[in-house]
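Listed below, chain by chain, are the residues.
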Amino acid sequence: MNILVCDDDKEILDAIKIYLTNEGYKVFKASNGLEALEVVEENEIHLVIMDIMMPRMDGLRATMKLREERNIPVIMLSAKTEDTDKIMGLNMGADDYITKPFNPLELIARVRSQLRRYTTLGSLENKSNVYKTGGLVIDDERKMVTVDGDEVKLTPVQYKILKLLTANAGRVFSIDELYEKVWKETAFSAENTVAVHIRKIRERIEINPKDPKYLKVVWGIGYKVEKI
């Protein structure tokens, strides 16, 4: 997931980048509202953390401009604690608000929460090439898999298997059928090959691979992704 952090304080900008990078996010930086809008225009951004008080263009005006074309989550960041500032930010289109100084763990929690809402309830669900069940979301246009808002890295074959099963959530595929649809060739002793890939997928998408929530085995028949 790509996150844009916009703040004219370089130390805060660098600190937030470290926190988010350590969580596996790709971070873009901007020092004012105009730069932020340019970054969003030139890159695929999934969430913006926007300071309010900045030169050239403040965070409120930048958020208003951003909302004219995009509905990605925006978390406002400011040293101000007055309710009027918070209300103004939310009225301008912000999704959440956090004040400085902040707890890094709180910031990460708010980022995850907004990304989860975006991927499961926001613009992604309106795309015909997005498949989801529970917190598992596959955006086939971007070839991206997320679980509860966190991106999951899969090999091309693993991605094809999971996409096929998720797009047909609840349906059981036999091992031979799964092999033939993914590998595009006649299945011959495919049990071990498929089983290895299923195990690898579970290791990446399940909290407990031995007690999977999504990718289930139907003994004697095949595999399915649970419809949640």
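Attention here is on the structure that accompanies the text. These numbers were taken from a predicted model, which means no experiment stands behind them.

**Some thoughts on the packing of helix α2 (residues 33-42) against helix α3 (residues 59-67)**
Now for step 1: For the pair α2 and α3, interaxial distance at closest approach is 9 Å and the crossing angle is 25°. By the angle between their directions, the pair α2 and α3 is classed as roughly parallel. For the element pair α2 and α3, the recorded crossing hand is right-handed. The residues of α3 that touch α2, namely those facing G33, L37 and V40, are A62, K65 and L66.
Now for step 2: The class makeup of the residues in the contact of α2 with α3 is 4 nonpolar, 1 polar and 1 charged.

**A few points about the sheet that holds strand β8 (residues 144-147)**
Now for step 1: Read from one edge of the open sheet, 4 strands run β6-β7-β8-β9, paired in antiparallel fashion. The open sheet has two edge strands, β6 (130-133) and β9 (150-152), and neither has a second partner. Here the strands of the sheet are splayed against their neighbours by 25° on average, with no regard to which way each runs.
Now for step 2: Across the face of the sheet, helix α6 (residues 156-167) comes into contact with β6, β7 (136-139) and β8 while running at roughly 110° to β7.

**As for the packing of aromatic side chains**
Now for step 1: Per the counting criterion, the structure on display carries 1 aromatic pair.
Now for step 2: Seen from their ring centres, Y179 and W183 are 4.6 Å apart, and the 10° between their planes marks the pair as stacked. Here Y179 pairs with W183, and both are found in helix α7 (residues 175-183), just 4 residues apart, close to one helical turn.
Now for step 3: What makes W183 partly exposed here is its relative accessible area of 21%.
Now for step 4: Seen from the ring of F173, R171 lies directly overhead, with NZ or CZ sitting 4.1 Å from the centre.

**Quick look at the side chain of T166**
Now for step 1: Within the secondary structure, T166 sits in helix α6.
Now for step 2: The class for T166 is buried, based on a relative accessible area of 4%.
Now for step 3: Within polar-contact distance, the side chain of T166 engages the backbone oxygen of L162 at 2.7 Å.
Now for step 4: Among all residues touching T166, those that are not within four sequence positions of it are Y131, K132, T133, L136, I138 and V225.

Reading the values: the criteria
- Numbering of residues starts from 1 in every chain and runs along the sequence as written.
- Local features in a predicted model are, by the rule used here, given only for residues with pLDDT of at least 70; side-chain atom pairs are given and counted only at 80 or more, and totals for whole chains, interfaces and linings are based on all residues.
- Just so you know, side-chain values use all the structure's heavy atoms and leave hydrogens and water out.
- Where helices are involved, their axes are fitted lines through C-alpha atoms of the stretch in contact, as for all axes, and angles between N-to-C directions lie from 0 to 180°.
- Numbering of helices and strands runs from the N terminus, with a helix taken as a DSSP run of H or I at least four residues long and a strand as a DSSP run of E at least two residues long.
- Angles are sorted into four bins: roughly parallel if under 35 degrees, roughly antiparallel if over 145, roughly perpendicular if 65 to 115, and oblique for all others.
- Left-handed describes a crossing whose near helix is turned anticlockwise from the far helix by less than a right angle; the clockwise case is right-handed.
- Contacts are assigned to residue pairs that have any heavy atoms within 4.5 Å of one another.
- Three residue categories are used. Nonpolar comprises Ala, Val, Leu, Ile, Met, Phe, Trp, Tyr, Cys and Pro, charged comprises Asp, Glu, Lys and Arg, and polar comprises the others, including Gly.
- In this analysis, strands are considered paired if DSSP registers two or more bridges between them.
- Two rings from Phe, Tyr or Trp (for Trp, the six-membered ring) form a pair when their centres sit within 6.5 Å of each other. Planes less than 30 degrees apart are called stacked, planes more than 60 degrees apart edge-to-face, and all others tilted.
- Each residue is assigned to one of three classes by its accessible area relative to the maximum for its type, calculated with a 1.4 Å probe on protein chains only: buried under 20%, partly exposed between the two thresholds, exposed over 50%.
- When the NZ atom of lysine or the CZ atom of arginine is within 6 Å of a ring's centre and also within 35 degrees of its normal, the charge is said to sit over that ring.
- Pairing of N or O atoms within 3.5 Å defines a polar contact, subject to two protein rules: one partner must be a possible hydrogen donor and the other a possible acceptor, and residues neighboring in sequence count only if both atoms are side-chain atoms.

Function cannot be read off these values alone, since they describe shape.
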